[in-house]
Amino acid sequence: MRVITTIIKYLIWLFLSIFSGMGWMRIELGKPIKATGFFSILNGLDEFIIIWIGGFIGVISFIPFVLIDLYYIKIKIETKLSQNIIRIFTILILSAIVTLIHYILEFVLNWI
């Protein structure tokens, strides 16, 4: 039973990490520009990019989050409330770092 609750807790943190990645992608892309005429079929492309790339950013940032959670947060921090606050900030910071790496590779170095 303890294993199932741990899996459910990490699935919740995975979804929060994915939503964090999507949020950072929305910040990176900015406000969507709506096309008119023939190119209006491409209006949904912005949302697709946010879901697809933001999801990948969330999953990639979740991997170091699990390591940090297992080897630092659970061992060093005593109270559950403090653990959850640190976990939220860890997810936000890791998603921001992965988004920054994505931005540098795609727009600055043009490698992606």
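Right above here is the structure, for reference.
A few points on the structure. (Residues numbered from 1 in each chain as written. Predicted model: local features only at pLDDT ≥ 70, side-chain atom pairs only at ≥ 80, totals over all residues. Heavy atoms only, no water.)

## Considering the pattern of salt bridges
Applied cut-off: In what follows, salt bridge is the name for a side-chain nitrogen of Lys or Arg lying within 4 Å of a carboxyl oxygen of Asp or Glu. Under the DSSP-based scheme used, a helix requires at least four consecutive residues in state H or I and a strand at least two consecutive residues in state E, with every element numbered from the N terminus. Throughout, exposure labels follow a simple rule: accessible area from a 1.4 Å probe, protein chains only, divided by the maximum for the residue type, with under 20% read as buried, over 50% as exposed, and the rest as partly exposed.
Under the criterion given, the structure shown has 2 salt bridges. Between R26 and D46 there is a salt bridge, and its shortest N-O distance comes to 3.3 Å. One end of the pair, R26, is in helix 1 (residues 2–29); the other, D46, is in helix 2 (residues 45–76), with 20 residues separating them in the sequence. Given the relative accessible area of 16%, D46 is considered buried. A salt bridge links D69 to R87; the nearest nitrogen and oxygen atoms lie 2.7 Å apart. Here R87 lies in helix 3 (residues 80–108) and D69 lies in helix 2, a separation of 18 residues in the sequence. R87 sits in the buried class, given a relative accessible area of 9%.

## Considering a nonpolar patch on the surface
Rule in force here: Each patch is assembled from residues with relative accessible area greater than 30% and no salt bridge, linking like charges that lie within 9 Å and nonpolar side chains (Val, Leu, Ile, Met, Phe, Trp, Tyr) that lie within 5 Å. The Shrake-Rupley method, run with a 1.4 Å probe, gives the accessible areas here. Residue values count only the displayed protein chains as cover.
A cluster of nonpolar residues, F38, F39, I41, L42, L45, F48, W52, F56 and I60, forms a patch on the protein surface that exposes about 1,000 Å² of accessible area. Mapped onto the elements of the fold, F48 is located in helix 2.

## Description of helix 3
What counts here: Here, expected helix span is obtained from the residue count minus one, scaled by 1.5 Å. Residue contacts are counted whenever heavy atoms from the two residues lie within 4.5 Å of one another.
Between its terminal C-alpha atoms helix 3 stretches 41 Å, which fits the 42 Å expected from 29 residues at 1.5 Å a residue. All of the buried residues along helix 3 are Q83, R87, T90, I91, L94, S95, V98, T99 and H102. Lining the buried residues of helix 3 we find helix 1 and helix 2. Positive phi appears at N110, one or two residues downstream of helix 3, with a value of about 55 degrees.

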